[in-house]
Structures are given as C-alpha cells and as structure tokens.
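Structural description and commentary
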Amino acid sequence: MKNSETIGLTPAQRLHFDIYGFVLLENVLNGDEIERMKGALYRMKADEDLDAKSVYARGRSEHHILFGNLVAYDPALLEYAAHPQLVPLVEEVVGGAVRLEESEAIINRRNPDTELSELHKRRYNPTGFHRGTQHGWGTYMEQNKFHCIFVKTLAYLTDVGPDDGGTCVIPGSHRLTWDHKEMIEAALSDDKLIYQVEASAGSVLLFPEALIHSTTAIRSDKERVILISGYTPPMVREWPGNEVSPEFVETLPEDIRPLISGSDSWHWKRRY
Ligand SMILES: [Fe+2]
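Each value, and the rule that gives it
- Residues numbered from 1 in each chain as written.
- Predicted model: local features only at pLDDT ≥ 70, side-chain atom pairs only at ≥ 80, totals over all residues.
- Heavy atoms only, no water.
- UniProt positions renumbered as here; feature names shortened; annotations may be inferred.
- Helix = DSSP H or I, 4+ residues; strand = E, 2+ residues; numbered from the N terminus.
- Rg over C-alpha atoms; globule rule 2.2 N^0.38 Å.
- Buried < 20%, exposed > 50% of the residue type's maximum accessible area, 1.4 Å probe, protein only.
- Contact = heavy atoms within 4.5 Å.
- Areas by Shrake-Rupley, 256 points an atom, 1.4 Å probe, with all protein chains shown as cover.
- Lys, Arg positive; Asp, Glu negative; His and termini not counted.
- Charge placed at Lys NZ, Arg CZ, Asp CG, Glu CD.
- Donors = N, O, S within 2.8 Å, 3.2 Å for Na, K, Ca; no water.

If you check an unreviewed UniProt entry, the chain appears there as Phytanoyl-CoA dioxygenase family protein from Geodia barretti. Its UniProt record gives the chain a comment under Cofactor (unreviewed entry), which states: "Fe cation".

Given below as structure tokens:
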C-alpha cells in the first residue's frame, strides 16, 4: 500500500488496520535515512560504553543484539522517533497526541545453532508470539473506528523476504478477548491464521500492541536490522529503561519536546 502525500492513513490503509490489526507503510524512509539509521545502530553495536549513554543492550550473542532507549544516542534515531510522516499516523490510531514510550532496535542473523532443515519444516517460525495490551483494556472504539493507546512503528532497515525474519502476526487478534495462549495455539495449528510480513528496506509496520505479534527465525544468510518506536498518550509513562534525561530534552527543538518527554501529561490533545 502506498502512503499518500497528505499525512494520514488513506481509507484503505485505515480499513486494513482496523480489520487486520496492522498496515505496512511502504517507502516511508529514503535511502539516506536508512543509511544514517543503520550507521548509528552499527556504531552502537561496536560501542563499549553504552551504559554511559543510557542505552541498554540485551540478548547479545554472535548473531543477535537488541538495543533500547536510543533517541539520545544519534540524531538519526531521534529523527525516526519523531518522524513527521509517522507520528501523525500513530496519533490517528491512538486518537490523540502521543509521547514516545520506548525506542528499540534489533540487529540479528540466523542462529547458527538452529538446523536449517528444522526451520524449513514449517512455513512460519515465530519465535515468541505476544502482545503488550489486549482488546478491552488499552483499546477503544471512537467514531466507529478501532483505537489503541499503545502503538508501535517498526521500520525494516533491510529488505525482508520470506526467509529473512519478517514480523509474524495473527491478523485480527487486536480485537479479540480470547485468552492469548489459546489464540496462539490455535493459530499455530493452522498456517492460514498467521501472516508474515515481507517488506523492502524503508517500509514501516504500524500496529497496535493489542495485536499478537512475533519475530520470526531467519532462514537466509542475510542480516536483519529493525528499528522500533512505541507510543502512548502523554499521561502514560515510558517503559522502564526508556527514561530520557531532562538535559537531553532541553537540547530538543520545542515542537518535539512533549513527544520525547511526555510533558503534556493529562493535558491530552484528543483528535475528536
Ligand atoms: Fe512486541
């Protein structure tokens, strides 16, 4: 689906989001943005003093690393979190102004311990279906449209084909109140209930955290780089570990300070 010139989801994108619980926004990031964002993340990977920069790193191994609390590390990563073509779309599905709740990135490649033949036995290899909130709490209907107060934008900074670890989702699960384990088991028993994203570098997956989603095991030899921002209304707090220092906030242009700091708090500007 092509994103239109005007900033807002097209009716087709919004319908896709409401029915399936996600929409893939193609070609949001240009080549220059992709290179600068990837460059910052690879510098981060080589940086031995991340603690001093308030960045957290988890699950570090030969083939995988996750970073979090990224925005103060490099301007390119801040630009992604405050991206003018993405934040308005997030606000549309949250239903009002948002704050940054977390920023994370993953650089990974195929786990050499996993037999390739094992990974080819199944069509999809989700590594851990989960959701951050569920329908009934954290979601609401407003003017007949689905909304969620916890929304993510996940950017693919590398091309992601069928074997390259695209995000797996259970389409439609964002609107269900089923026990999540029951839903995951049911979906895993029939491939038709799962969708795996394929995307070109620069595409962004917009989804509510009420959608059940998972990383997928990589089967190719390609390295995958993804960059994720999470957003909530401003009175909701950041995910622990994603606190942005007041000193950094002061260096920001005034128009993005509330987005990065959550300073609007209960003065929530609704879109309705
Ligand atoms: Fe997640």
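Now that the structure has been shown, the text picks up again.
1. Section: the overall build of the chain
Of regular secondary structure, the chain possesses eight helices and 12 strands. Over its C-alpha trace the chain gives a radius of gyration of 18 Å, about what one expects of a compact globule, namely 19 Å for 272 residues. Over its C-alpha atoms, taken along the principal directions, the chain stretches across nearly 55 × 50 × 35 Å. For the chain, the residues scored as buried account for 53% of the 272 residues in total. The contacts in the chain between residues at least 6 apart in sequence include a share of 82% that link residues at least 24 apart. Surface summary for the chain: the accessible area is close to 12900 Å², and the carbon and sulfur share equals 52%. Side-chain charges in the chain split into 29 positive and 41 negative, and the spacing between the mean points of these groups amounts to 4 Å.

2. Topic: the coordination of the iron ion
On the protein side, the iron ion has His130 (NE2) and His213 (NE2) as donor atoms, found 2.2 Å from it. Within this pair, whereas His130 is found in the loop between α5 (116-121) and β5 (139-142), its partner His213 is found in strand β11 (residues 213-214), the two being separated by 83 residues in sequence. The exposure class of His130 is partly exposed, given its relative accessible area of 37%. Look at His213 and you get buried, because its relative accessible area is 7%.

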